[in-house]
Every structure is written in C-alpha cells, then in structure tokens.
Amino acid sequence: MDCLQEWPEPVVHVQALSDSALTTIPDLYIKPPSERPSSDKGVATPHIPVIDLGGLAEGAAECRATICAVADACRSWGFFQVVNHGVSPDLVRKVREVWRGFFRLPMAEKQAYANNPRTYEGYGSRVGVEKGAILDWGDYFYLHLLPESIKNQDKWPALPSSCRQTVQEYGDEMVKLCGTLMKVLSISLGLDVDQLQAAFGGDDVGACLRVNYYPRCPQPELTLGLSPHSDPGGLTALLADDCVKGLQVRRGDDWVTVQPVAGAFIVNIGDQIQILSNAKYKSVEHRVTVNAAQERLSLAFFYNPRSDWPIAPVGQLVTPQRPPLYQATTFDEYRMHVRKNGPTGKTQVESLKAI
Ligand code: OGA
Ligand code: NI
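We now turn to the structure provided with this report.

What counts as what
- Residues numbered from 1 in each chain as written.
- Chains lettered and ligands numbered in written order.
- Predicted model: local features only at pLDDT ≥ 70, side-chain atom pairs only at ≥ 80, totals over all residues.
- Heavy atoms only, no water.
- Core = buried A, V, L, I, M, F, W, Y, C linked by side-chain atoms within 4.5 Å.
- Buried < 20%, exposed > 50% of the residue type's maximum accessible area, 1.4 Å probe, protein only.
- Helix = DSSP H or I, 4+ residues; strand = E, 2+ residues; numbered from the N terminus.
- Contact = heavy atoms within 4.5 Å.
- Near = heavy atom within 4 Å.
- Polar contact = N/O pair within 3.5 Å; in protein donor to acceptor, adjacent residues only side chain to side chain.
- 1 Å grid on protein atoms, 1.4 Å probe; cavity = no way out; pocket = protein on both sides within 12 Å on 5 of 7 lines; lining within 4 Å.
- Sits in = over half its atoms within 2 Å of the grid points.
- Nonpolar A, V, L, I, M, F, W, Y, C, P; charged D, E, K, R; others polar.
- Salt bridge = Lys/Arg side-chain N within 4 Å of Asp/Glu carboxyl O.
- Phe/Tyr/Trp six-rings, centres within 6.5 Å; stacked < 30°, edge-to-face > 60°.
- Donors = N, O, S within 2.8 Å, 3.2 Å for Na, K, Ca; no water.
- Points joined across faces, edges and corners; volume = space filled by probe spheres on them.

1. With respect to the nonpolar core
Then step 1. Judged by nonpolar contacts, the single largest core of 68 residues is most densely connected at Trp 99, Leu 209 and Leu 235.
Then step 2. The dominant element in this core, judged by the number of residues it contributes, is helix 5 (residues 163-188), at ten residues.
Then step 3. In this structure Trp 99 touches Phe 141, Leu 143, Pro 157, Cys 163, Val 167, Leu 209, Val 211, Leu 297 and Leu 299, once residues within four positions along its chain are discounted.
Then step 4. Leu 17, Ile 48, Cys 217 and Ala 240 belong to the second-largest nonpolar core, a separate cluster that totals 25 residues.

Below, the structure written as structure tokens:
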C-alpha cells in the first residue's frame, strides 16, 4: 500500500507548536465551526457508569450483578469506568511517570522514534495520510505489545531508563484485565464464558498502547485534541489523566464530558465487538478537547482480535429476526481505513453493513 509509506506532509509536533508560545493556532488545526467544542452544550451530566469489578470475586449474586451492570453500561453508553480492577496503583503511577518523562525529553531524542503510516509504531502526531486534512492538537506514542511476533522493544523509548520494563509490566497487567473483561462481556452477551475470546482468534490476540499527549493550546475552542471516532479494535481500557479532563462521549446529539474516577480505567467497546455482537453492543464515538492552562496525558490500551482472523457476527447472536448485520472482515483489512483516513466518526463500521 504505497500511500502508507510516508506522511503526505512533514510532521509538525504539536508540542513544538505549543512550546513556541503562539497566541493563535495555525489554520491547519482549526475545525469547521460545527465541529468545534464551543458549538455544543458540553453536557456535564449524567455520567458513564462506574462498575466495581471486586464483585466478580464475591458470591454468585454479586458476580451476576456485576455482569448485569456491564451489560447495561454497554447497551446504554458503550463506555464505563472500572474500579477494583486489580492493576496495581503503584504500577499505574510509574507508567504515567515514565511517559511524562518521555514527553519532556528534548525533541531530537523523541524524533529518533518518529513513526510512519505503515505501522504507526513510534512517536507521531497525525493519523491518516489525506493531504491537506485538518489536524488534531495532540502528539502520541504508539507501540505493539502483542502478538509477541511483532513486539519489538527497540522501538519503545530507551529513556526514561525504566520505560521499557514499566511498559511491559503495565501491558501484562492490562492484558489480564482485558482477558477478565472479555469473559464478563461474553457472559453478558449470553455466550459461554470463553466464546468472545475464541471469536477474537483465541490466544493470538493483538494489544497496543497509544500514549496521547495533548499540549496546552492557546485557542482550545477552535480545535480538538482528537477528532470524533470510535475505536476500531476490540476493547479499549483508557488510563485518563489524573488531573485534567478532556474525554467526551457521544450521547445522542450531545457530548458528555467524562469525569474520571481516581484509580479507574475507562473501558469502551470497539468496532470489532460491535461486529461480533451483531450490534447488540455498539462502539460509541468519542473525542478529546484541549485546554489553555494544562497539558493532558492519557494511555489508551487496545485489546484487539488476532489480525488475520475473520470477524463476523457470532452465530448465536444471529436469528431470523436479526440477520447478520455485517460482512466478515479481518482486523488487518479493517484498520487500513483508519490508517489512511484518520478519525472519521463511525463511517467505517457503518460501511461494513451487509446489504
Ligand atoms: C484514543 C482515545 C481518549 C483520550 O486514543 O483512541 O480515544 O482521552 N483517547 O485520550
Ligand atoms: Ni478512542
């Protein structure tokens, strides 16, 4: 895929723009009026559900109640926060610290990891290769944790010196957490406990980390840190900034600002689970706003199906009343769309609809 070899224009890191103390942002980052965060009400309530995963280890009744809470959250929001998730708070603190440290390094140090649109792996800013596209006010670092065959720690930051080890430990914990969530989701869909995982291709799942860094922005009302999109993969567990809000979730015509609970992960359904569940659960659009006073850091952990495995609605969720809504596709084929076009709301999963 030739168009994915290189970026169509030289990549400018938003952090460099932000550090240059501009008072106005370049036109390239200015969204059309209807897409600006100031053009909506920015509804503050209601909130996405907060679910205590501790219930899974208690009696049968608590376990059932937890699974029901997940099912409700998936149907009504596509998003929820989890607490008591088993990931060590100390590890969470350390992983935030190493990534803050990475983004504080001199630009030349970070540029050594500059990414390209073929794999996206490394330090980048834009998503999509469409020339002249309006860009988002954010930089990121993207890396693969699974499958082992494509994991390459040489592509992860060597500095701060504890980065590679901490990211690996964090990744291991997140894979465990997502494995648990997959079981919960599977039961909540009326499937056997391991069926959703099997539909993901068994043990050969993919896992990647996208560390988002949203620098301060002199005109936050004109731009977005990340444009509306649904996550293309299976399941996302986001570690949001511990101080600065910015994530908004679509609810009808409104954008609801998520109020992160301390120590929680924000979990959301990706397009692959929408397809596998025959739209019983839907991926929900979200976006990120930026602000003038504070930078923001978030870690999005993506748990994805095996990349060459056909993903289609699971047999039990297809009935004469509810025929399969999507054609089979592999995640490899699917994510080419995002890699080429950048964040485009929910257009990709909609385009898969069986005729
Ligand atoms: C993402 C994402 C949200 C955030 O990386 O896909 O939606 O708060 N991030 O940074
Ligand atoms: Ni996302």
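After that view of the structure, there is still more to cover.
2. Regarding the site of ligand 1
Then step 1. Residues in close proximity to ligand 1 total 14 residues, the closest being Tyr 214, His 229, His 286, Arg 296 and Ser 298.
Then step 2. A distance of 3.0 Å separates an oxygen atom of ligand 1 from a polar side-chain atom of Arg 296.
Then step 3. Within the side chain of Ser 298, a nitrogen or oxygen atom sits 2.6 Å from an oxygen atom of ligand 1.
Then step 4. Mapping ligand 1 onto the cavity grids shows that it belongs to the largest cavity.
Then step 5. When residues of the shell around ligand 1 are traced back to their parent elements, those giving at least two are strand 5 (206-214), strand 6 (226-229), strand 11 (286-288) and strand 12 (296-304).
Then step 6. Looking at the shell around ligand 1 element by element, the count peaks at four residues for strand 12.
Then step 7. When its residues are assigned to classes, the shell around ligand 1 shows seven nonpolar, four polar and three charged.

3. A few points about the pattern of salt bridges
Then step 1. The full count for this structure, using the stated rule, is 17 salt bridges.
Then step 2. Of the charged contacts, one joins Arg 100 and Asp 242 as a salt bridge, the two residues approaching to 3.6 Å between their closest N and O atoms. With a gap of 142 residues between them, Arg 100 in helix 3 (residues 89-104) and Asp 242 in the loop between strand 7 (235-239) and strand 8 (247-251) connect regions that are remote in the sequence.

4. Side note on the packing of aromatic side chains
Then step 1. Inspection of every chain in the model, using the stated rule, returns 14 aromatic pairs.
Then step 2. Measuring from ring centre to ring centre gives 5.3 Å for Trp 99 and Phe 141, while their planes differ by 45 degrees; the resulting arrangement is tilted. Of this pair, Trp 99 sits in helix 3 while Phe 141 is found in strand 4 (residues 139-146), placing the two residues 42 residues apart along the sequence. For the pair Trp 99 and Phe 141, one class covers both residues: buried.
Then step 3. Ring centres of Phe 102 and Tyr 113 lie 6.3 Å apart, and the angle between their planes is 70 degrees; this geometry places the pair in the edge-to-face category. Here Tyr 113 lies in the loop between helix 4 (107-111) and strand 3 (122-124) and Phe 102 lies in helix 3, a separation of eleven residues in the sequence.

5. As for unusual backbone geometry
Then step 1. Between Leu 146 and Pro 147 the backbone carries a cis peptide bond, its omega angle lying at 0 degrees.
Then step 2. Along the chain, Pro 147 falls in the loop between strand 4 and helix 5.
Then step 3. A cis amide bond, omega -10 degrees, links Leu 159 with the succeeding residue Pro 160.
Then step 4. Tracing the backbone through its elements, the reader meets Pro 160 in the loop between strand 4 and helix 5.
Then step 5. You will see that Ala 21, though not glycine, has its phi angle at about 60 degrees, which is positive.
Then step 6. If you trace the backbone, Ala 21 turns up in the loop between helix 1 (14-19) and strand 1 (50-52).
Then step 7. Using a relative accessible area of 58% as the deciding quantity, one classes Ala 21 as exposed.
Then step 8. For Ala 279, which is not glycine, the phi torsion reads 70 degrees and is therefore positive.
Then step 9. Tracing the sequence through the fold places Ala 279 in the loop between helix 7 (271-276) and strand 11.

6. Some thoughts on the coordination of the nickel ion (ligand 2)
Then step 1. At the metal site, the nickel ion (ligand 2) is ligated by His 229 (NE2), Asp 231 (OD) and His 286 (NE2), and these contacts range over 2.1 Å.
Then step 2. Of note, the donors binding the nickel ion (ligand 2) are all from one chain and are spaced H-x1-D-x54-H. Of this pair, Asp 231 sits in the loop between strand 6 and strand 7 while His 286 sits in strand 11; the two residues are 55 residues apart in sequence, bridging distant segments of the chain.
Then step 3. Classification of Asp 231 by relative accessible area gives buried; the value is 4%.
Then step 4. The buried category is assigned to His 286, whose relative accessible area is 6%.

7. Looking at the layout of surface pockets
Then step 1. The space that makes up the largest pocket amounts to roughly 560 Å³.
Then step 2. Lining the largest pocket are 36 residues, with Lys 31, Ala 133, Ile 134, Leu 135 and Asp 136 sitting closest to its centre.
Then step 3. Contributions of two or more residues to the lining of the largest pocket are made by strand 4, strand 5, strand 6 and helix 8 (331-341).
Then step 4. Its residues assigned to classes, the lining of the largest pocket shows 18 nonpolar, nine polar and nine charged.

8. Comments concerning empty space enclosed by the protein
Then step 1. Following the criterion strictly, the structure yields one cavity of 30 Å³ or more and no others.
Then step 2. There is about 600 Å³ of room inside the largest cavity.
Then step 3. Looking at the largest cavity, it is lined by 41 residues, and the ones nearest its centre are Arg 210, His 229, Asp 231, Pro 232 and Phe 302.

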